[in-house]
Structure formats: structure tokens, C-alpha cells
Amino acid sequence: MLPERELKRTARQMNLPGFGPEQQQRLYDAHVLVIGAGGLGCPIMQTLAATGVGRITVWDDDTVDLTNIHRQILFGASDVGRRKVDVAAERLRALQPDIQVTAVFDRLSPDNFIEALDGIDLLIDGSDTFATKFLAADAAEVTGTPLLWGSVLRYRGDIALWHSGPGAPADGVGLRDLYPTQPDADSVPDCATAGVLGVTTSVVGSLMSTEAVKFLAGIGEVKIGRLHMYDALSATIRRFTVTRDPARELATTLGTYTEACSASTEGQELFDALTAHHLPSLDVREPHEKAIADLPVPGKNLPLSEVERDPEAVPRALEQFSPGDEVVVYCAGGVRSEGFVEKHRALAETLGISLKSLPGGCLLYTSDAADDSL
């Protein structure tokens, strides 16, 4: 039964047509697992706790950074340095005093994921790496756990409910029916390098919460495999239906999931040489990006926005180096720096210098790279 104060707290919600004490009790009895206390996880957990979901387990191994709080709405500036899961648990208990919050300061992996899903009614993925998303999708399919999936990049967000594997409907759909294989880590930028509008994560998180509440309470229409694509700039949502691929074999075990944040041998050697021997460097990021993270070496900064405005900016910058210099060019993720090197290699050679792009970018070699929540 609902505790008396929980009954009073959610009383106005139970005035809704088709939503009464039975539906509220279903929410209170539900147990959801949220991956990541980030830009999606924060509004999702905030809304679910306020709506009346009685048990939330959250996994995250990161601490609050000042760059998080424009979109991770459970945190404030005074929380910087604290464990995200601890702060989130405090905020959720303040919203719903009777809630059970399990805060796990750790990262889900093939070794612990299956056990973590024991007793979970809905898995909610708020992560920001392909590796975690495909691991979550496979773990959900192996155990037959419904998976609410979402992603946000720049001004766009996607959400869908997947359910396949043991106990799922015969026509159940999984993430791999849409994306059969994990994309290359460098094929699509993440929010750290491409940017993300803070309010977009709140909107997408609220849409995910709505689907979660409908699914758990048994109200409205919740269609497995319906992909919702939200565009913030046009305030529109497009919908597509993903169908089961009859030729695809369901996952029965967890496999290998390649993290984007793994340094290549070439990249690690170049970074080691840069820091140990103080190789000259050229940062092609914008000034605000340097405020987020930077390499522990002095260097010159040439924002690409300046290059676009002034064709002479590159020659002026390269002329500051000495003949024989091996200049390490870097950006956040390595894509822009690689393009810069390809475009300006010939000019550099005429000046007697060589340019090398740092694979993976500076975020790979800073603590920010460890965060896999949006």
C-alpha cells in the first residue's frame, strides 16, 4: 500500500482520467535502473521520483564538474567534486521521502550487468558512449528486460522503448534491429566535442520519463520499437517504427564493447613525447573549449573560427615555430586537428616544420574522458 504521505503527495495526479490509485501503486512498486546521472539521467530521475516511482537504482562513476551543471539539473555549483550518485540520491529523497534509492558509484560492465538487472522492471539508458549503449542493449536482451533508450547531440534527441529476449512479445524489437553493429567510435561525435543544448537534454529526458511512466503504470499507448526524433530548433518530433529483423539472432551472452576513450599506441607515444619533451603544440579549439579541459603543456591557440575569418591566420601562426619543429596539433576529439594537418601540411613543410595530429584529442588524456553520461 502507498504510505499515507505518498498518497497525499500524489493525490492530484490521481485525479487524471484513467490514472487512479491502482496506477499510482504500480509506479510505487516499480524498480528502475538508470545508467548515468548526466544530462538525461538527471531529469529522468527527478521526474520519476516526483511522479512516484518507488525504487530507483543509479549507476555512475563520475563526480560533479562545473561544466556539467548547465544540463545536469540535479546538481549545483556547490556540488562540484562530489559523487554524482550521492548528490542525486539526496535530491531524489527530498522529492519523495519514501523512495528507495540505490546509488552505485561504479560503471556497468559485462562482468556485473546481468546481475545488476535482477529484479529490474525497466532499464533506462542515459549514457553517452556506443560501448555502453550496445552493452546495455545486449544485457537487456539477454535478460528480457525492457530498455528505454535515449541519446542527445547538439539540438537533436532520439528515444525509443526496446524489448526483446526472454518474456518479450514475439514481435519484440531490440536496439540491434535498428543498429546491427556498434559504430566506430570516431564515426559520430559525442556531446563533449559536438556540443549539447542544456534544455534539449531536459526535454528528451522528460519525453523518456513520460514513456517510462506510461509503461510502468499501464496507461496510454506505448509501442515497442517506435523511434521518436526530437528537433529543438523546430520544436518538432518525427516518429518511425522499427520492426524486428527475423534474420537477426538474439543476444544470449555479452560480447566485447570497444570504448571510444582508448588511446592508440601512436597517440599515446605522441602524447608522452609532447609532455616529456615539451614538443611545440597548436590547439585549434575555441577559447570556451579550453575552459573545459586542456593538456598539461603550454602551447599556442589558433581557433578554427579565426581561421575561417582570416585567411592569413594560419601562416602567421605557423611562422611562430622554428624550422625543424615537430608541432603537435590537437582539438577535443582529434577530428578537427586531423583535418587541419591535412589541409596545411604543405604550407608547414615550406616553413621547415612538420605537423602531427593528436589521435583522440585532448579529452582522451584528461579526466573528462572518463564520463560516459551525457
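In case you missed it, the structure is sitting above this.
(A) How the structure looks around the overall build of the protein. For the protein, the count of helices and strands is 14 helices and twelve strands. In summary, the protein has a C-alpha radius of gyration of 23 Å against a globular reference of 21 Å for 374 residues, a match within 12%. Overall, the C-alpha framework of the protein stretches about 75 × 50 × 40 Å when taken along its three principal axes. Sorting the 374 residues of the protein into buried and exposed places 49% on the buried side. Taking as baseline every contact in the protein between residues at least 6 positions apart, the subset at least 24 positions apart corresponds to 69%. Accessible surface, the protein as shown: approximately 17,300 Å² in total, 52% of it carbon and sulfur. Considering the protein, the positive charge centre built from 33 side chains and the negative charge centre built from 53 side chains are found 7 Å apart.

(B) Local environment of the sheet that holds strand β5 (residues 147-153). The strand order across the open sheet formed by eight strands is β3-β2-β1-β4-β5-β6-β7-β8, and the pairing between neighbours is mixed. Pairing within the sheet leaves two strands with one partner each, and these edge strands are β3 (100-104) and β8 (236-241). On average, adjacent strands in this sheet sit at an angle of 15° to one another, irrespective of strand direction. Strands in contact with helix α3 (residues 41-51) are β1 (31-35), β2 (55-59) and β4 (122-125); relative to β2, the strand with the most contacts, it is inclined by about 165°.

(C) Local environment of unusual backbone geometry. In this structure, Arg154 is a non-glycine residue whose phi angle is positive, near 55°. Mapped onto the elements of the fold, Arg154 is located in the loop between β5 and β6 (156-162). Judged by its relative accessible area of 43%, Arg154 is partly exposed. Within the chain, Ala235 stands out as a residue other than glycine whose phi angle is a positive 55°. In this fold, Ala235 is placed in the loop between β7 (226-231) and β8. Overall, the relative accessible area of 61% leaves Ala235 in the exposed class.

(D) Seen up close, the state of the cysteines. For the structure shown, the criterion picks out zero disulfides. Its sulfur unpaired, Cys331 is 7.7 Å from the next cysteine sulfur, which belongs to Cys362. A residue is classified by how much of its surface remains accessible, and Cys362, at 0% relative accessible area, is buried.

(E) Region of the structure containing the sheet that holds strand β10 (residues 300-301). In space, the four strands of this open sheet follow the order β10-β9-β11-β12, with parallel pairing throughout. Edge strands, defined here as strands with exactly one partner in the open sheet, are β10 and β12 (354-357). In terms of strand pairing, strand β9 (residues 281-283) meets strand β11 (residues 326-330) through three bridges, oriented parallel. Of the residues in β11, the one forming a bridge with Leu282 is Val329. Contacting β9, β11 and β12, helix α10 (residues 265-277) runs over the sheet at an angle of about 115° to β11. Docked against the sheet, helix α14 (residues 335-350) engages β9, β11 and β12, running at close to 170° with respect to β12.

(F) Just helix α2 (residues 21-29), in detail. What α2 keeps buried is the set Gln23, Gln24, Gln25, Leu27 and Tyr28. Lining the buried residues of α2 we find α1 (4-9), α3 and α9 (198-217).

(G) Examining a nonpolar patch on the surface more closely. A cluster of nonpolar side chains, Tyr155, Leu197, Val199 and Leu233, forms an exposed patch at the surface whose accessible area comes to about 400 Å². By secondary structure assignment, the location of Leu233 is in the loop between β7 and β8. Since its relative accessible area comes to 64%, Leu233 is described here as exposed.

(H) Highlighting the pattern of salt bridges. Under the counting rule described, the total for this entry stands at 25 salt bridges. For Asp138, the salt bridge identified is with Arg176, shortest N-O distance 2.7 Å. With Asp138 in helix α6 (residues 130-143) and Arg176 in helix α7 (residues 175-178), this pair connects stretches of sequence that are 38 residues apart. The class of Arg176 is buried, set by a relative accessible area of 19%. In the salt-bridge network here, residues are joined through shared partners; they are Asp79, Arg82, Glu90 and Arg91.

(I) Structural detail: the side chain of His163. Mapping His163 onto the fold places it in the loop between β6 and α7. Look at His163 and you get buried, because its relative accessible area is 11%. In this structure the side chain of His163 is engaged in a polar contact, spanning 3.0 Å, whose partner is the backbone oxygen of Gly144. Dropping the residues within four chain positions of it, His163 is found in contact with Gly144, Thr145, Pro146, Ala168, Pro169, Gly172, Val173 and Ile224.

(J) Local environment of the environment of Arg345. Mapped onto the secondary structure, Arg345 falls in helix α14. Judged by its relative accessible area of 32%, Arg345 is partly exposed. With ten residues separating them along the chain, Arg345 and Leu355 place their C-alpha atoms 6.4 Å apart. Here Glu342 takes part through its side chain, which lies 3.2 Å from a polar atom of the side chain of Arg345.

(K) Structural view of the layout of surface pockets. The volume enclosed by the second largest pocket comes to roughly 220 Å³. Put simply, the parts of the chain that give the lining of the second largest pocket at least two residues each are α10, α14 and β12. If one sorts the elements of the lining of the second largest pocket by residue count, α14 sits on top with four residues. For the lining of the second largest pocket, the class distribution of residues is three nonpolar, two polar and seven charged.

Reading the values: the criteria
- Throughout, residues of each chain are indexed from 1 in the direction in which the sequence is written.
- Reporting of local features is limited, given that this is a predicted model, to residues whose pLDDT is at least 70; pairs of side-chain atoms are given and counted only at 80 or more, and all residues count toward the totals for whole chains, interfaces and linings.
- Processing note: side-chain calculations cover all non-hydrogen atoms of the structure and skip hydrogens and water entirely.
- Counting from the N terminus, the helices are DSSP H or I runs at least four residues long and the strands are E runs at least two residues long.
- Radius of gyration means the value over C-alpha atoms here, while the globule rule gives 2.2 Å times the residue count to the 0.38 power.
- Exposure categories follow from relative accessible area, calculated using a 1.4 Å probe and restricted to protein chains: below 20% of the type maximum is buried, above 50% is exposed, and the middle band is partly exposed.
- Note on contacts: a residue pair qualifies if any of its non-hydrogen atoms lie within 4.5 Å across the two residues.
- Only the protein chains shown count as cover for residues, and the accessible areas themselves come from Shrake-Rupley with a 1.4 Å probe.
- Charge convention: Lys and Arg are scored as positive, Asp and Glu as negative, and His as well as the terminal groups of each chain are ignored.
- Charged groups are reduced to one reference atom each: NZ for lysine, CZ for arginine, CG for aspartic acid, CD for glutamic acid.
- At least two bridges found by DSSP between two strands are what make those strands a pair.
- Every axis corresponds to a line fitted to the C-alpha atoms, with the helix fit spanning only the stretch in contact, and the corresponding angles, defined between N-to-C directions, vary from 0 to 180 degrees.
- Two cysteine sulfurs form a disulfide in these notes if their separation is within 2.5 Å.
- Patch membership requires over 30% relative accessible area and the absence of a salt bridge. Like charges are linked within 9 Å, and nonpolar side chains (Val, Leu, Ile, Met, Phe, Trp, Tyr) within 5 Å.
- Note on definitions: salt bridges are taken to be side-chain nitrogens of Lys or Arg within 4 Å of carboxyl oxygens of Asp or Glu.
- Under this definition, polar contacts are N or O atom pairs within 3.5 Å; protein pairs additionally need one hydrogen-donor-capable and one acceptor-capable atom, and for neighbouring residues in sequence, both atoms have to be side-chain atoms.
- Cavities and pockets are defined on a 1 Å grid built over the protein atoms alone: a cavity is a set of grid points where a 1.4 Å probe fits but cannot escape, while a pocket is an open set with protein on both sides within 12 Å along at least five of seven lines, and lining residues are those with an atom within 4 Å of any such point.
- Grid points are joined across faces, edges and corners, and a volume is the space filled by probe spheres set on the points.
- For this classification, the nonpolar set comprises Ala, Val, Leu, Ile, Met, Phe, Trp, Tyr, Cys and Pro, the charged set comprises Asp, Glu, Lys and Arg, and every other residue, Gly included, is treated as polar.

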